[in-house]
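What follows is each chain in one-letter form.
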Amino acid sequence: MFTLYDYQQDAYDAAVDNISQSLDDSRGRFVMPTGAGKTIVQASILDWQIQNNSKSGVHLVLAPRIMLGNQLLGEYKQFLGVQSFRAIAFHSGEHVAEDGVKWKETATTQKDVVVQAMEDAQKLNVPLVVFSTYHSCGKLAGVDFDTILADEAQYCVSENFNESFKNLTGRIRLTFTATEKHTASSNGYGLNNTSLYGERWYYISPDELIKKGRIVPPRLHIAHIETQDEALT
């Protein structure tokens, strides 16, 4: 299906080990640089949850933007298989299938559509994964999720998104980011609020990934141009 790099396997193992200690209430944070492959780690954790720790059979993936949410939907399908779960896009945009993929997802911001999708998935005995934005997820309060996976979790520190995330119900709540934002108070909006986001379960630095050859160091390119337009000089 897919193969994890060693550090991705470490992140996955950290999730499984910690979740296994508290199957009904686990919260953890993952800090991985851009380019580390957070999505494949998320998908592998979700697959473990589906196979080993399912009650409601409903899972939630959060993203800051509609385009990223749709991208995650496609990548999860790619990693886990088109038939492995049903999906619904919970936001105000559209989801359009790409690259000849044959599935079609519903895009909505109506909670009753999600409830109906949950009932349909249960009848078919398949898991349902809801892909939502932080902007829209507040409307999902009251839905019992087996798993909540928050991508680009630094967005949770804003007051309105923090409140929306806090009001969601999920037995397993995991956050993923390259840039954790903390606040002075451990009870504030920052990701260092362990009562809301949990302890840091996994961290890998950019330097470590550069040494492994998985990402390249940042470079500054300076371009020199000439112009005859005095207004631009």
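Treat the numbers as computed from the prediction; the structure is a model and nothing was measured.

**Q** What am I meant to see in the packing of helix α2 (residues 38–52) against helix α3 (residues 66–80) here?
**A** When two helices pack together, their arrangement is given by the angle between the helix axes and by the axis-to-axis distance. Between α2 and α3, the least distance of the axes is 10 Å, while the angle of their chain directions is 60°. With respect to each other, α2 and α3 are oriented oblique. In terms of crossing hand, the pair formed by α2 and α3 is right-handed. Along its contact with α2, which presents T39, I40, Q42, A43, L46 and D47, the element α3 presents L72, E75, Y76, F79 and L80. For the contact of α2 with α3, the per-class residue count stands at seven nonpolar, two polar and two charged.

**Q** What is the right way to read the side chain of R171 from this model?
**A** For R171, the position within the fold is in strand β7 (residues 169–177). Within polar-contact distance, the side chain of R171 engages the backbone oxygen of L23 at 2.7 Å. Of the polar contacts made by the side chain of R171, one reaches the side chain of D146; its length is 3.0 Å. Apart from the residues within four sequence positions on either side, R171 is in contact with L23, D24, D25, S26, N53, S54, K55, F145 and D146.

**Q** Honestly, the pattern of salt bridges in this entry has me stumped. Any pointers?
**A** Any two side chains of opposite charge can pair, on the condition that their charged atoms come close. Under the defined criterion, the tally for this structure stands at eight salt bridges. In this structure, E163 and K166 form a salt bridge, with 4.0 Å as the shortest nitrogen-oxygen distance. One end of the pair is E163 and the other is K166, both in helix α5 (residues 159–167) and three residues apart, which spans about a single turn. Within the structure, one salt-bridge network assembled from shared partners comprises D24, K55, D146 and R171.

**Q** What is the right way to look at the packing of aromatic side chains in this model?
**A** Aromatic ring pairs are defined here through the distance separating the ring centres and the angle between the ring planes. Under the definition given, this model contains eight aromatic pairs. Ring geometry for Y5 against Y7: centres 6.1 Å apart, planes inclined by 15°, an arrangement best described as stacked. Judged by its relative accessible area of 2%, Y7 falls in the buried class. Consider the rings of Y134 and Y155, whose centres lie 6.5 Å apart with planes at 15°: the pair is stacked.

**Q** Whenever I open this one, the side chain of N53 confuses me. Can you help?
**A** Mapping N53 onto the fold places it in the loop between α2 and β2 (58–63). Contacts of N53, omitting those with residues within four sequence positions, involve I19, L23, W48, D146, R171 and I172.

**Q** Got a minute to help me understand α5 in this structure?
**A** Side chains that are three or four residues apart share a direction in an α-helix, a result of its 3.6 residues per turn. Here α5 has its buried residues at F161, N162, S164 and F165. All buried residues of α5 lie within an arc of 165° about the axis, which places them on one face of the element. In this structure, the buried residues of α5 make contact with β2, β6 (144–150), β7 and α6 (194–197).

**Q** Mind showing me how you'd approach the pairing of β2 here?
**A** For a regular strand, side-chain orientation follows a simple rule: the groups alternate between the two sheet faces. Taken across its six residues, β2 has six buried, putting it largely inside the fold. Residues V58, L60 and L62 line one face of β2 and the alternating positions H59, V61 and A63 line the opposite face, and both faces are buried. Summarising the sheet, β2 and strand β5 (residues 128–133) pair through six bridges and their orientation is parallel. In the strand pairing of β5, H59 is matched with V129. Relative to β6, β2 runs parallel, the two sharing four bridges. In the strand pairing of β6, H59 is matched with T147.

**Q** Sorry, what's going on with helix α4 (residues 111–124) here?
**A** If you check α4, its first and last C-alpha atoms are 20 Å apart, about what 14 residues at 1.5 Å a residue would give, namely 20 Å. Listed in full, the buried residues belonging to α4 are V114, A117, M118 and A121. In a view along the axis of α4, the buried residues occupy a sector of 105°, so they form one face of it. Facing away from the buried side of α4, by more than 90 degrees, are the exposed residues D112 and K123. Contacts made by the buried residues of α4 are with β2, β3 (86–90) and β5. Just beyond α4, the residue with positive phi is N125, at close to 60°.

Criteria and thresholds
All residue numbers here refer to positions counted from 1 along the written sequence of the relevant chain. The predicted origin of the model limits local features to residues at a pLDDT of at least 70 and limits the giving and counting of side-chain atom pairs to 80 or more, whereas totals for whole chains, interfaces and linings rest on all residues. Water and hydrogen atoms play no part in the side-chain values, which are based on all heavy atoms of the structure. Between N-to-C directions, angles span 0 to 180 degrees; the directions come from axes that are lines fitted to C-alpha atoms, helices contributing only their stretch in contact. Helix and strand definitions here come from DSSP, where helices need a minimum of 4 consecutive H or I residues and strands a minimum of 2 consecutive E residues; each element is numbered from the N-terminal end. Geometric relationships in this document are graded by angle, where less than 35 degrees denotes roughly parallel, more than 145 denotes roughly antiparallel, 65 to 115 denotes roughly perpendicular, and other angles denote oblique. Helix crossings fall into two classes, left-handed where the near helix is turned counterclockwise from the far one by less than a right angle and right-handed where it is turned clockwise. The contact criterion used is simple: two residues touch if any of their non-hydrogen atoms lie within 4.5 Å. Three residue categories are used. Nonpolar comprises Ala, Val, Leu, Ile, Met, Phe, Trp, Tyr, Cys and Pro, charged comprises Asp, Glu, Lys and Arg, and polar comprises the others, including Gly. Under this definition, polar contacts are N or O atom pairs within 3.5 Å; protein pairs additionally need one hydrogen-donor-capable and one acceptor-capable atom, and for neighbouring residues in sequence, both atoms have to be side-chain atoms. Whenever Lys or Arg places a side-chain nitrogen within 4 Å of a carboxyl oxygen from Asp or Glu, that contact is recorded as a salt bridge. The criterion for an aromatic pair is that two Phe, Tyr or Trp rings (for Trp, the six-membered ring) have centres within 6.5 Å, with stacked assigned to planes under 30 degrees apart, edge-to-face to planes over 60 apart and tilted to the rest. The cut-offs for exposure are 20% and 50% of the maximum accessible area for each residue type, with area from a 1.4 Å probe on protein chains only; residues under the lower value are buried, those over the upper are exposed, and the others partly exposed. Taken from the helix axis, the directions to the C-beta atoms give the arc we talk about. Strands were regarded as paired on the criterion that DSSP finds at least two bridges between them. By definition here, a helix of n residues has an expected span of 1.5 Å times n minus one.

Read these as geometric descriptors, not functional statements.
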